[in-house]
Amino acid sequence: MPYLIFITFVWALSFNLIGEFIAGRVDSDFAVLTRVVLAGAAFLPFTRWRGVPAPLLWGTVAAGALQFGVTYLCLYRSYGYLTVPEVLLFTIFTPVYVTLLDDLLARRFNPWASLAALVAVGGALIIRYGGLSGHFLTGFFLLQLANLTFAAGQVGYRRVVARYPSPWPAYRTFGFFFLGALAVALPSFLIFGNPAKLPATGLQWGVLAFMGLGASALGFYFWNKGACQVDAGTLGIMNNMHIPAGLALSLLVWRHETDLGRLLAGGAVMGAALALNAWGRRRQAARLAAA
C-alpha cells in the first residue's frame, strides 16, 4: 500500500503537468517516447539480460507495451478533446476493468462489476449532460482504451510475477517493461509524430524529464511492485485515488473553472459505483464461503 499511495500523488501531479505544459504544445508521440527512453535508461544498468525465464521476460514486455505504451499514447491524445478535470474523472472506469480482467483470468464472473460500470457511466453523463460533442466522445473513448490497457498491464504483470517468481529483485527484470513500451512508442512517433512540435522551452524539457525519471521510471516500478502485494479489489480501488488528488490540484493550483454542483453530483454517483462494486464483491465472496 505505501508504494501505491506514494505514486498516486506523483501521478495526480503528472495529469496536471501534462494538461498545463505538454498537451497541445509538444507532440504527444514525442512526449511518450521521451518518457519511455528516459525510464528505460534509468533501469538499463540494473537489467539482467541472461537467464531470465522466457514467460517472465515476455510477460513483462507485454505489460509494458499495454500499461505504458498504448495507455499513454491514448492518454496524451485525449487531452486534445477533454479538460484536465474530465481526463481525471473519466479514468473512473479503470477499477471495473481491473476487476473484470482479473475475474476473466480466474475464470469467474462478478455481475456487480458490470452494474457498477453502468452506474459510473451515469455519473459521467451527469457531469457532461449539457450536450455531448463529437470531440468529447472521441476523447472519452480514447480514455476508455487507455483505461483498459492500463488495467490489462497491471493484472497481467501481477499474474506473470506470481506464476514465474524470480530469484532476483524485481528491478533486475523491470527494464523489459520499458522495452515493451518502446516497441509501441517508437513506431508511433515515426509514423504519426510531428517533428515541428518538439519541446521549445526549458520548462517543457524539465516537465518531460520529471515525467520520464519520476512518474515513469519510479512511478511504474513502485506501482507494479505495490500491485503485486495487494488483492485485485484493493488494486482496483487505488486506481481511482489519483482522481480526487488530481482534481484538487487542478482547482486549487491552476484555478480551473468548473461547475462544482455537477462535478460533485457526478462524482458522488461514481463513488456510489465504486461502493456498489466493492459491496457486490464482498457479497459474492461470502456466498462462495458459505457454499
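Parameters at a glance
- Residues numbered from 1 in each chain as written.
- Predicted model: local features only at pLDDT ≥ 70, side-chain atom pairs only at ≥ 80, totals over all residues.
- Heavy atoms only, no water.
- Helix = DSSP H or I, 4+ residues; strand = E, 2+ residues; numbered from the N terminus.
- Expected span 1.5 Å × (residues − 1).
- Buried < 20%, exposed > 50% of the residue type's maximum accessible area, 1.4 Å probe, protein only.
- Axes fitted to C-alpha atoms, helices over the stretch in contact; angles between N-to-C directions.
- Parallel < 35°, antiparallel > 145°, perpendicular 65-115°, else oblique.
- Contact = heavy atoms within 4.5 Å.
- Nonpolar A, V, L, I, M, F, W, Y, C, P; charged D, E, K, R; others polar.
- Patch = residues over 30% accessible without salt bridge, like charges linked within 9 Å, V, L, I, M, F, W, Y side chains within 5 Å.
- Areas by Shrake-Rupley, 256 points an atom, 1.4 Å probe, with all protein chains shown as cover.
- Salt bridge = Lys/Arg side-chain N within 4 Å of Asp/Glu carboxyl O.
- 1 Å grid on protein atoms, 1.4 Å probe; cavity = no way out; pocket = protein on both sides within 12 Å on 5 of 7 lines; lining within 4 Å.
- Points joined across faces, edges and corners; volume = space filled by probe spheres on them.

Engineer: Even after reading the chapter, I still don't get helix α12 (residues 260-290), so can you show me in this structure?
Structural biologist: Think of an α-helix as 3.6 residues a turn; residues three or four steps apart then line up on the same face. Over its 31 residues, α12 runs 44 Å from end to end, which matches the ideal 45 Å to within 8%, given 1.5 Å per residue. For α12, every residue scored as buried is listed here: Leu263, Gly266, Met270, Ala273, Leu276, Asn277, Gly280 and Gln284.

Engineer: Help me understand the packing of helix α3 (residues 54-78) against helix α9 (residues 202-227) in this model?
Structural biologist: For any two helices packed against each other, the geometry comes down to the angle between their axes and how far apart the axes lie. Between α3 and α9, the least distance of the axes is 12 Å, while the angle of their chain directions is 125°. Taken as axis vectors, α3 and α9 run oblique relative to one another. The segment α3 lies against α9, with Gln67, Phe68 and Tyr72 engaging Ser216, Phe220, Trp223 and Asn224. Its residues assigned to classes, the contact of α3 with α9 comprises four nonpolar, three polar and no charged.

Engineer: Would you mind showing me how to read a nonpolar patch on the surface here?
Structural biologist: Taken together, the side chains of Leu186, Leu190, Ile191 and Phe192 define a hydrophobic patch exposed on the protein surface, amounting to about 450 Å² of accessible area. Along the chain, the position of leucine 190 falls in helix α8 (residues 175-192). Accessibility expressed as a relative area gives 62% for leucine 190, which makes it exposed.

Engineer: Even after reading the chapter, I still don't get the side chain of serine 78, so can you show me in this structure?
Structural biologist: Turning to its location among the elements, serine 78 is positioned in helix α3. Filtering out sequence-adjacent residues up to four positions away, serine 78 remains in contact with Val87, Gly139, Leu142 and Leu143.

Engineer: When you look at empty space enclosed by the protein in this model, what are you seeing that I'm missing?
Structural biologist: One simple way to see leftover space: roll a probe sized like a water molecule over the atoms. Throughout the structure, instances matching the rule amount to two cavities of 30 Å³ or more. As a volume, the second largest cavity reaches approximately 30 Å³. Among the elements of the structure, α1 (2-22) and α3 are those that each provide at least two residues to the lining of the second largest cavity. The dominant element in the lining of the second largest cavity, judged by the number of residues it contributes, is α1, at four residues. Looking at side-chain class alone, the lining of the second largest cavity contains five nonpolar, one polar and no charged residues.

Engineer: Looking at this structure, I do not really get the pattern of salt bridges. What am I missing?
Structural biologist: Should their charged atoms come close, side chains of opposite charge can pair. Under the counting rule described, the total for this entry stands at three salt bridges. Two residues, arginine 158 and aspartate 102, come together in a salt bridge whose shortest N-O distance is 3.8 Å. Taken together, the residues span a long stretch of sequence, with arginine 158 in helix α7 (residues 134-163) and aspartate 102 in helix α5 (residues 94-105) at a distance of 56 residues. You can call arginine 158 buried: its relative accessible area is 16%. Since its relative accessible area comes to 6%, aspartate 102 is described here as buried. Between arginine 159 and aspartate 102 there is a salt bridge whose closest N-O contact spans 3.5 Å. With arginine 159 in helix α7 and aspartate 102 in helix α5, the pair connects residues that are 57 residues apart, well separated along the chain. Via salt bridges that share partners, Asp102, Arg158 and Arg159 belong to a single interconnected network.

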